[in-house]
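Coordinate analysis (summary)
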Amino acid sequence: MSFVKLARMARLFTVLPLLAFLVSCKPESDVAIANREGILIMGNSNEPKGLDPHLVSGVLESNIIRALFEGLFIDSPDEDNVALPAAAESYEVNEDFTVWTFKLQPYGRWSDGVPVTSHDFVFSYRRLLSPDPNWPAKYAEMLYFIKNAQAFHQNQRGFILCGQDVNFPAPWEDLQEVNFRGNDSLAPSPYEGKRLSELKDEERAPFLDYVQAGSSVDFDKLLAGDFSAMTSAEKAIHLNYKGLDKATAEELAYIQQTPESFTWPANVPMEAKTEVLRRLLEHRREGSPSLWDAANVGVTAVDDFTLRVELRGPVPYLPEVTKHYTWYPVPRHIILKHGDINTAFSSRWTQPGNLVSNGPFKLKEWRTNHYIEVEKNEHYWDKENVALNGIRYLPISNYYTESRMFSDGQLHVTYTIPSELIPWAKEKYPQRVRQEPYVGVRFLRTNITREPFDNPKVRLAFATAIDRKAICEKILQGGQKPAKGIVPPFGDYESPGKVTFDPEKARQLLKESGYKSTSAFPDISILTTDSDSGRREAEALQAMWDEHLGIKARIVQREWTTYLQRQYDKDYDIAVNGWIGDYLDPTTFLEMWTAGNGNNNTGWASEEYEDLLKQAENTADPAKRLEILAQAETIVLDDSPVLPIYWYTTNYLLREEVKNWNPLLLNNHPFKFVELKP
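To keep things clear, this report deals only with the structure shown in the data block. (Residues numbered from 1 in each chain as written. Predicted model: local features only at pLDDT ≥ 70, side-chain atom pairs only at ≥ 80, totals over all residues. Heavy atoms only, no water.)

A closer look at the overall build of the protein chain
Across its full length, the protein chain holds 25 helices and 18 strands. In terms of overall dimensions, the protein chain is globule-like: its C-alpha atoms have a radius of gyration of 29 Å, near the 26 Å expected for 678 residues. Once the C-alpha set of the protein chain is aligned to its principal axes, its extents read approximately 125 × 65 × 50 Å. Put simply, the protein chain shows about 30,200 Å² of open surface, and 49% of that area lies on carbon and sulfur atoms. Once the 74 positive and 95 negative side-chain charges of the protein chain are each reduced to a mean point, those two points are 7 Å apart. (Helix = DSSP H or I, 4+ residues; strand = E, 2+ residues; numbered from the N terminus. Rg over C-alpha atoms; globule rule 2.2 N^0.38 Å. Areas by Shrake-Rupley, 256 points an atom, 1.4 Å probe, with all protein chains shown as cover. Lys, Arg positive; Asp, Glu negative; His and termini not counted. Charge placed at Lys NZ, Arg CZ, Asp CG, Glu CD.)

Re unusual backbone geometry
Between Glu451 and Pro452 the backbone carries a cis peptide bond, its omega angle lying at 5°. Counting through the fold element by element, Pro452 comes out in the loop between β11 (433–446) and α18 (456–464). Its identity as a non-glycine residue notwithstanding, Ser640 has a phi of 55°, on the positive side. Mapped onto the fold, Ser640 is located in the loop between α25 (622–639) and β16 (642–653).

Section: the environment of Pro522
Looking at where Pro522 falls in the secondary structure, it is placed in the loop between α20 (503–512) and β13 (524–529). Under the relative-accessibility criterion, Pro522 is labelled partly exposed at 23%. A sequence separation of 31 residues divides Pro522 from Ala553, and the C-alpha atoms of the two residues are 9.7 Å apart. Non-local contacts of Pro522, meaning those with residues more than four positions away in its chain, are made with Pro452 and Tyr515. (Buried < 20%, exposed > 50% of the residue type's maximum accessible area, 1.4 Å probe, protein only. Contact = heavy atoms within 4.5 Å.)

Re the pairing of strand β9 (residues 371–376)
Pairing geometry for strand β8 (residues 361–367) and β9, over six bridges, is antiparallel. Across the sheet, Arg367 pairs through a bridge with Tyr371, a residue of β9. Between β8 and the antiparallel strand that follows it, β9, lie three residues; Asn369 among them carries a positive phi value of about 65°. Sheet analysis places β9 next to strand β10 (residues 390–394), joined by four bridges and oriented antiparallel. If you follow Val374 over to β10, its bridge partner there is Ile391. (Pairing = 2+ DSSP bridges.)

Structural notes on the sheet that holds β13
Reading across from one edge, β12-β16-β11-β15-β13-β14 is the order of the six strands in this open sheet, with mixed pairing throughout. With partners counted over all chains shown, the strands left at the sheet margins are β12 (481–482) and β14 (553–558), one partner each. In the sheet, β13 pairs with strand β15 (residues 574–580) via two bridges, with the strands oriented parallel. Within β15, the position partnered with Ile526 by the bridge is Ile574. In the packing of helix α21 (residues 532–549) onto the sheet, contacts are made with β11, β13, β14, β15 and β16, and the angle to β14 comes to roughly 170°. Here helix α22 (residues 560–568) sits on the sheet in contact with β11, β13, β14 and β15, set at roughly 135° to β13. (Axes fitted to C-alpha atoms, helices over the stretch in contact; angles between N-to-C directions.)

A short note on the nonpolar core
Counting 149 residues, the largest nonpolar core has Leu40, Leu244, Ile391 and Trp661 as its most contacted members. At eight residues, α25 tops the list of elements feeding residues into this core. If near-sequence neighbours (up to four positions away) are discounted, Leu40 is found in contact with Leu388, Gly390, Ile391, Arg392, His412, Val658, Trp661, Phe671, Val674 and Leu676. (Core = buried A, V, L, I, M, F, W, Y, C linked by side-chain atoms within 4.5 Å.)

Quick word on the sheet that holds strand β5 (residues 99–104)
Pairing is antiparallel across the open sheet formed by four strands, whose spatial order is β4-β5-β7-β6. Each of the sheet's edge strands pairs with one partner strand only, and the pair in question is β4 (88–93) and β6 (299–303). Within this sheet the neighbouring strands show an average axis-to-axis angle of 25°, counted without direction. Set on the sheet, helix α4 (residues 118–128) makes contact with β5, β6 and β7 (306–310); between it and β6 the angle comes to about 165°.

Topic: the side chain of Thr619
Secondary-structure assignment places Thr619 in the loop between α24 (607–617) and α25. The exposure class assigned to Thr619 is buried, which follows from its relative accessible area of 19%. Looking at Thr619, its side chain comes within polar contact range of the main-chain oxygen of Gln615, at 2.6 Å. When neighbours within four sequence positions are excluded, Thr619 is seen to be in contact with Lys624, Arg625 and Ile628. (Polar contact = N/O pair within 3.5 Å; in protein donor to acceptor, adjacent residues only side chain to side chain.)

What about the pattern of salt bridges?
For the coordinates displayed, the defined rule picks out 34 salt bridges. Residue Glu617 pairs with Arg312 through a salt bridge whose shortest N-O separation is 2.6 Å. Here the residue Glu617 occupies a position in helix α24, and Arg312 occupies one in the loop between β7 and α14 (318–321), the gap between them amounting to 305 residues. Residue Arg312 is classed as partly exposed on the basis of its relative accessible area of 30%. (Salt bridge = Lys/Arg side-chain N within 4 Å of Asp/Glu carboxyl O.)

Right, dumping it as structure tokens:
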């Protein structure tokens with residue numbers, strides 16, 4: 001063998017181990033490590049506002065809470081409208097679907113080994129429904145299906161203390177006409193800085209029944225709320241504006257002594273008036289104790305493992321509703337260890353080391369703005385059928401970053417795909433792109449308590465100036481459809497189809513609204529999240545209103561928690577929003593626009609609208625019921641407190657090793673069935 005060959009061989013044997021070393025030392029991807037460890041890694045959009053099922057209302061929080069907790073039923077991994085047993089082993093229901101009796105899992109346990117009982121469910125529903133004005137639950141309305149739940153939550157003292165007593169001097173049919181809830185037409189807020197004598201005739205009209213000729217009314221005194229400083233006319237307006245349910249002990253005593261200060265229906269006898277005031281005043285003087293027992297809310301722990309739920313009307317789809325996290329139990333023994341029943345965000349019960357849950361996973365670690373990780377719950381009743389060892393949620397608000405992390409092997413599944421990257425993703429990952437129907441709507445909330453959106457013609461002008469097709473096709477590119485209404489298409493429901501794009505009509509509506517020139521139009525802002533996609537969407541709306549209406553809107557981006565809080569506080573003009581169905585029925589999109597609903601946040605309400613919802617609730621015929629709901633939706637669309645933009649699809653990236661992750665209309669994948677297989 002020649003020297004040259006020997007030298008070459010020597011170099012070869014030197015290089016081969018080096019190459020092998022370099023290859024073997026190439027770091028494994030996060031996904032490869034997670035596959036081996038059985039950990040699913042998910043993009044989850046943002047840092048969650050919290051993990052208390054009673055205090056959150058977002059999809060990103062739901063993704064984590066659904067792993068930690070479970071309600072009476074859970075979703076099927078591959079079929080819509082199928083409810084599988086979860087905390088409830090079985091149930092019985094009466095003929096008209098108004099009384100449901102659930103048998104709980106005999107081996108249901110919290111993650112600390114303590115049994116999950118029917119008392120936990122009663123405690124949980126009482127907690128969520130608390131009427132405490134400082135209790136920040138925004139989703140209590142999900143429990144309004146339960147008999148008298150709404151009355152308790154809204155502190156309807158008149159109904160609870162008088163209306164349920166069969167021996168009361170007057171029937172509730174007559175009493176319900178009493179002004180217990182207040183009269184919004186007497187609201188002083190629009191007239192800040194004015195006196196009654198300074199108002200226009202049409203503005204003054206609602207107040208004239210409560211004042212004598214020559215009476216002085218100062219609206220600033222009414223806004224200040226100091227009852228003792230008010231004139232008799234101001235007191236009368238104040239009392240009739242508030243209603244009896246909200247009246248203080250001092251105010252109720254004043255009505256007793258000055259009957260003419262409060263207006264009663266003619267058919268209510270004096271004996272009933274006297275007894276109403278006596279009971280309300282007694283309750284106030286006792287310190288306004290909880291009315292839970294008196295309210296007779298329709299949820300009962302029959303025994304430790306039997307829960308009975310009585311509903312306000314027929315709900316044949318109740319198992320679907322109970323899959324929503326507002327219906328989940330929370331651990332009574334842990335919550336009371338870290339505070340009172342209604343201790344909110346200051347409670348440490350949801351912190352790692354404290355949080356106890358009843359779902360297939362338990363909280364392992366929470367590093368703020370980095371990740372939340374959950375691990376398998378060894379006390380879960382069905383732990384043998386939980387395939388994953390854990391889930392890691394990453395709060396990635398920049399969706400370009402998220403797509404890059406997926407490409408680099410750092411994620412199994414993304415929260416979404418930015419619209420601009422959809423063509424790239426289809427080319428690079430044709431087997432990993434998921435584009436699926438999603439029961440949700442993108443819309444704009446308007447704050448009707450502020451100018452200019454207190455004017456319905458302004459709201460409708462803005463709605464009519466949105467080119468929804470252009471947004472779907474040129475910006476989103478994910479198969480979304482221009483919204484014709486609030487309720488997206490599914491099942492047998494048909495949208496009223498009232499939403500259109502008509503720039504000429506929009507300009508005419510703006511003229512009719514009283515704004516003679518756009519230069520006189522108030523400054524307005526568009527509130528959205530701090531994501532790139534949120535800005536692009538807001539910029540498209542900004543450009544359309546500028547082009548078609550000549551109105552310039554400023555974009556205000558805020559991080560997730562502040563974005564939500566500003567809407568709760570009505571500290572916005574117009575806000576970009578989305579709503580995903582909580583269950584597969586139109587009411588999940590319609591109930592939120594009722595008065596006092598924690599997710600309304602527009603200032604809008606309509607008695608006619610709510611009457612139709614109640615009518616639908618008590619209609620047994622399915623086709624007739626959907627027809628009534630469509631009439632209700634028409635009212636919202638005509639008055640336009642909400643401006644629909646498009647109906648959702650879900651676009652995301654999913655790796656092949658993730659199994660039992662199937663298309664679902666609500667996109668609520670039950671994590672207990674998900675597996676990781678090479």
